[in-house]
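Geometric and topological summary
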Amino acid sequence: MDIDRAALKAEIILERKVTRLLNGRLVVLNICDLAGCMNPTDLHECLISRGMARGNPVLEEAVLHSKLNVSLLCRKCHMDRADTTTFRRLLISKNIDRYGLAPMVGWVKSLPFAAESQREEYLNLLEDLAREMKPGRWAEVVEPALWNYGVRRG
Ligand SMILES: [Zn+2]
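Conventions and cut-offs
- Residues numbered from 1 in each chain as written.
- Predicted model: local features only at pLDDT ≥ 70, side-chain atom pairs only at ≥ 80, totals over all residues.
- Helix = DSSP H or I, 4+ residues; strand = E, 2+ residues; numbered from the N terminus.
- Contact = placed C-beta atoms within 7 Å.
- Axes fitted to C-alpha atoms, helices over the stretch in contact; angles between N-to-C directions.
- Parallel < 35°, antiparallel > 145°, perpendicular 65-115°, else oblique.
- Nonpolar A, V, L, I, M, F, W, Y, C, P; charged D, E, K, R; others polar.
- Core = buried A, V, L, I, M, F, W, Y, C linked by C-beta atoms within 7 Å.
- Buried ≥ 20, exposed ≤ 12 C-beta atoms within 10 Å, placed from the backbone.
- Pairing = 2+ DSSP bridges.
- Expected span 1.5 Å × (residues − 1).
- Arc of directions from axis to C-beta.

With that settled, consider the environment of Leu68. Residue placement: Leu68 occurs in the loop between α3 (57–65) and β4 (70–73). It is 8.8 Å that separates the C-alpha atoms of Leu68 and Ile92, two residues lying 24 residues apart in sequence. Setting aside chain neighbours within four positions, we find Leu68 in contact with Asn95, Tyr99, Pro103, Met104 and Trp107.

Given below as structure tokens:
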């Protein structure tokens, strides 16, 4: 992991800590963005993948080093589920919720895409997800999906 990426991981771990009651004690920890697993270790590019940016070094640099594009996941969720359509949308929605739609849109607008159609695709996805983000909606969509994957909420 390069030094900027390690710094990003440290920043995200500090920024996204939550307090949970565990065996009768309050503990401060990180939880996996996908299924609430404890102490996740992996950074995952949820909106724009590294593969999408390959061959465009400036774009790749931006994609790997912006917290707006990054989810913190446990290894199992990262390997098994992060790239499925439903969960990808969930992860992006969590970052819209964290950082706001305007900063996410501003970031995508700032990126050096090879084709404007790529930028439009990401902007449309962000707008689409922001429209869907009504309270309780993700519980309806994601809880049954997690059940299908054998994941229980902790
Ligand atoms: Zn997980």
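Structure's up, so let's keep going.
Moving on, we get to the packing of helix α6 (residues 101–110) against helix α7 (residues 116–132). Packing of α6 against α7 brings their axes to within 10 Å, and their N-to-C directions diverge by 175 degrees. The angle between α6 and α7 falls in the class roughly antiparallel. Contacts from Leu101, Met104, Val105 and Val108 in α6 reach Arg119, Tyr122, Leu123, Leu126 and Ala130 in α7. When the residues that make up the contact of α6 with α7 are grouped by side-chain class, the tally is eight nonpolar, no polar and one charged.

Before going further, it helps to spend a moment on the nonpolar core. Note on soluble globular proteins: their nonpolar side chains tend to be buried together. By size, the foremost hydrophobic cluster in this structure holds 26 residues, and its most contacted members are Cys32, Leu34, Leu73, Cys77 and Leu91. Where this core is concerned, the elements lending two or more residues are β4, α5 (85–99), α6 and α7. Per element, the largest residue contribution to this core is five residues, and it comes from α5. Those residues in contact with Leu34 that lie beyond four places of it in its chain are Leu73, Cys77, Arg81, Ala82, Phe87 and Leu91.

One face of the sheet, then the other: side chains in a regular strand alternate in exactly this way. Burial runs low along strand β2 (residues 25–29): only zero of the five residues are buried. One ladder, built from five bridges, connects strand β1 (residues 18–22) with β2; its direction is antiparallel. Its bridge partner being in β2, Val18 is matched across the sheet by Leu29. Where β1 folds back on β2, the antiparallel hairpin that results is connected by two residues, among which Asn23 adopts a positive phi of roughly 50 degrees.

Let us now look at α7. Across its 17 residues, α7 extends 25 Å between first and last C-alpha, which sits within 8% of the 24 Å expected from 1.5 Å per residue. For α7, the complete set of buried residues consists of Tyr122, Leu126 and Leu129. Buried residues in α7, looked at end-on, bunch into an arc of 70 degrees, giving them a common side. Seen from the buried face of α7, the exposed residues on the opposite side, beyond 90 degrees, are Glu116, Ser117, Glu120, Asn124, Asp128, Arg131 and Glu132. Buried residues along α7 sit against α5 and α6.

It is worth spelling out the packing of α5 against α6 at this point. Each pair of packed helices can be summarised by the angle the axes make with each other and by the distance between the axes. It is at 6 Å that the axes of α5 and α6 come closest, and there the two elements cross at 110 degrees. Between α5 and α6, the angle is such that the two are roughly perpendicular. Facing Asn95, Ile96 and Tyr99 of α5, the residues of α6 in contact are Leu101, Pro103 and Met104. Residues that form the contact of α5 with α6 fall into these classes: five nonpolar, one polar and no charged.

What follows covers the environment of Leu34. Residue position: Leu34 is located in the loop between β2 and β3 (42–45). Along the backbone, Leu34 and Cys77 are 43 residues apart, and their C-alpha atoms lie at a distance of 6.7 Å.

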